[in-house]
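Now for the letters of each chain:
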Amino acid sequence: MVGSTGYIGKVVVRALLNRGHGVVAFARPRSGVGGIEDEEATRRSLAGADVRFGQATRLDSLVMDGGRGESFHAVVCCLASRTGGVADSWRIDHQATANAIEAARRLGARQFVLLSAICVQKPLLAFQKAKCKVEEELKASGLTWSIVRPTAFFKSLAAQVEPVRRGFPYVVVGDGRQAACTPISEEDLAEYMAGCLERPDRQNRVLPIGGPGPALTARQQGELLFSLLQRPPRFLSVPVALFDGIIGAFTALNRLIPGLEDTVEYARIGRYYATESMLAWDPQTNAYCADATPSTGTDTLEDFYKRILNEGLHGQDLGDQLPWKRWRKSQP
């Protein structure tokens, strides 16, 4: 298992263990949000797995530190760029994942399950293009493969819960109705991915997947949150043109002061998620389609909001994926 300490990866490890699989979890010596977990903390968080340490960006480390001369039945990969920056996307979403595919081959694995993203259907961003490239490499690898493309994670919809609780309005782009998703919990997604090892109908297939319930726009997500707080909805609308202005300004600056590529990319990521649905794309109608997006599990966004309103955001830290942290890291 590579990408075992991430938001989804650590839950996939638990799902595999619960199904009786022996799991070797490959991790960096420092992991977690901001690299705060040392090796001992990682072993505790992945209790039950055989945790081994190395660097997924190095094929030799995957084979030697991870494989240790043993043979494996399958590899599950949940690697993803921390920020979505251009260089980091190609380093992690493509190269490190390609390393994991080659390591699987060298270690005798017959099967490979890859966590991708539903947004690669319309690849405009660096991380999407990197994922598309490695998906094609996996299909050509000779391994039995499953490419899982989930819709939005619950975590990605959690950032506004605490500000709204404190009395701030819910921020939407435009009217908040341009884009929709069928959000999925980490547990439901982990169970679905673990099932790919056992179910032939999920093998050698690209698998878009969402959670239970209807597709929700950003405005509907906000209305749900205000309803749970028993308050009338209050929204703050940010125009799409603001993203376009930021993208244009930093693109021009980057020509004069090279090194702002990631700043431009983060603005493009923000615009993409504000205007593109995380639903299956129907090539017949040339549009996103909620009805064509398969669903799994039982955990709804309403359930999630209730939990974090009662228990807090423990375990849902966006870390480097927060926009202001992305911006800070991109500064030369």
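Residues numbered from 1 in each chain as written. Predicted model: local features only at pLDDT ≥ 70, side-chain atom pairs only at ≥ 80, totals over all residues. Heavy atoms only, no water.

Description of the packing of aromatic side chains
Stated precisely, the cut-off is as follows: By convention, a stacked pair of Phe, Tyr or Trp rings (six-membered ring in the case of Trp) has centres within 6.5 Å and planes under 30 degrees apart, an edge-to-face pair has planes over 60 apart, and any other such pair is tilted. Strands here are runs of E lasting at least two residues and helices are runs of H or I lasting at least four, both read from the DSSP assignment and numbered beginning at the N terminus. Only protein chains enter the accessibility calculation, which uses a 1.4 Å probe; a residue is then buried when its area is under 20% of its type maximum, exposed when over 50%, and partly exposed in between.
What the rule picks out here adds up to seven aromatic pairs. Relative to Phe153, the ring of Tyr7 has its centre 6.0 Å away and its plane inclined at 45°; by these criteria the two rings are tilted. One end of the pair, Tyr7, is in the segment before helix H1 (9-18); the other, Phe153, is in the loop between strand E5 (144-150) and helix H6 (161-165), with 146 residues separating them in the sequence. Seen in terms of ring centroids, Phe226 and Phe235 are 6.1 Å apart; in terms of plane orientation they differ by 70°. Their pairing is edge-to-face. Here Phe226 falls in the buried class, since its relative accessible area comes to 3%. In textbook terms, an aromatic cluster arises when at least three aromatic residues are bridged by ring pairs, as seen for Phe154, Phe304 and Tyr305.

Notes on unusual backbone geometry
One non-glycine residue, Arg68, lies in positive phi territory at about 50°. Along the polypeptide, Arg68 turns up in the loop between helix H3 (59-67) and strand E3 (74-77). A positive phi angle is found at Asn286, which is not glycine, with a value near 55°. Tracing the backbone shows Asn286 in the loop between strand E11 (280-282) and strand E12 (287-289). Taking relative accessible area as the criterion, Asn286 reaches 56% and is therefore assigned exposed.

Structural notes on the side chain of Gln128
In plain terms, the rule: Contacts described as polar in this section are N or O atom pairs within 3.5 Å, which, within protein, must combine one atom able to donate a hydrogen with one able to accept it, while residues neighboring in sequence count only if both atoms come from side chains. Here a residue-residue contact requires only that any non-hydrogen atoms of the pair lie within 4.5 Å.
Positionally, Gln128 belongs in helix H5 (residues 126-139). On the accessibility criterion, Gln128 (0% relative accessible area) is buried. A polar side-chain atom of Gln128 sits 2.8 Å from the main-chain amide nitrogen of Leu124. If we ignore the near neighbours within four places in the chain, the residues touching Gln128 are Cys119, Val120, Lys122, Pro123 and Tyr272.

With respect to helix H7 (residues 186-195)
Among the 10 residues that make up H7, eight are buried, leaving the element largely enclosed by the rest of the structure. Of all the positions in H7, only Glu186, Asp188, Leu189, Ala190, Tyr192, Met193, Ala194 and Gly195 are classed as buried. Where the residues of H7 are buried, they touch H1, E3, strand E4 (111-115), E5 and strand E8 (205-209).

Examining empty space enclosed by the protein
To be explicit about the condition: Buriedness of a pocket was judged along seven lines, with at least five required to meet protein on both sides within 12 Å; pockets are open sets of points on a 1 Å grid over the protein atoms alone, cavities are sets where a 1.4 Å probe fits but cannot get out, and lining residues have an atom within 4 Å of a point. Grid points are joined across faces, edges and corners, and a volume is the space filled by probe spheres set on the points. Charged means Asp, Glu, Lys or Arg here, nonpolar means Ala, Val, Leu, Ile, Met, Phe, Trp, Tyr, Cys or Pro, and polar covers whatever is left, Gly included.
One pass over the full model with this rule turns up one cavity of 30 Å³ or more. In this structure, the largest cavity spans a volume of roughly 40 Å³. What lines the largest cavity is Leu79, Asp93, Thr97, Leu114, Leu115, Ser116, Lys131 and Val134. Counted by class, the lining of the largest cavity contains four nonpolar, two polar and two charged residues.

Quick word on the nonpolar core
Condition: Among buried residues, the Ala, Val, Leu, Ile, Met, Phe, Trp, Tyr and Cys ones that are joined through side-chain atoms within 4.5 Å form a nonpolar core.
The biggest cluster of nonpolar side chains holds 59 residues, and the ones touching the most others in it are Val12, Val76, Val148, Met193 and Tyr305. Leu79, Ala96, Ala103 and Phe112 belong to the second largest nonpolar core, which has 26 residues in total.

Overview of the environment of Tyr266
Within the fold, Tyr266 resides in helix H10 (residues 261-275). On the basis of relative accessibility, which here comes to 10%, the residue Tyr266 falls in the buried class. For the pair Tyr266 and Leu125, spaced 141 residues apart in sequence, the C-alpha separation works out to 9.4 Å. A distance of 3.4 Å separates the side chain of Tyr266 from the side chain of Thr83, its partner in a polar contact.

A few points about the confidence of the model for the protein chain
The predicted coordinates should not be examined in detail at positions where pLDDT is low. Short version of the rule: A residue's pLDDT is the confidence the predictor assigns to it, expressed on a 0 to 100 scale.
The predicted model of the protein chain averages 93 in pLDDT, with 94% of residues at 70 or higher. For the stretch residues 323-332, pLDDT sits under 50, and the model shows 18 contacts to residues farther than four places along the chain or on other chains.

Here's the deal with the packing of helix H8 (residues 218-228) against helix H11 (residues 301-311)
Packed helix pairs are characterised by how far apart their axes lie and by the angle those axes make with each other. Convention followed: All axes here are fitted lines through C-alpha atoms, helices being fitted over the stretch that makes contact, and every angle between N-to-C directions spans 0 to 180 degrees. To sort the angles, those under 35 degrees are grouped as roughly parallel, those over 145 as roughly antiparallel, those from 65 to 115 as roughly perpendicular, and the leftovers as oblique. For any pair of crossing helices, the crossing counts as left-handed if the nearer helix is rotated counterclockwise from the farther one by less than a right angle, and right-handed if it is rotated clockwise.
For the pair H8 and H11, interaxial distance at closest approach is 10 Å and the crossing angle is 45°. If you check the angle between H8 and H11, you find them oblique. As H8 runs across H11, the sense of the crossing is right-handed. Two secondary-structure elements touch here, H8 through Gln221, Leu224, Leu225 and Leu228 and H11 through Leu301, Glu302, Tyr305, Lys306 and Leu309.

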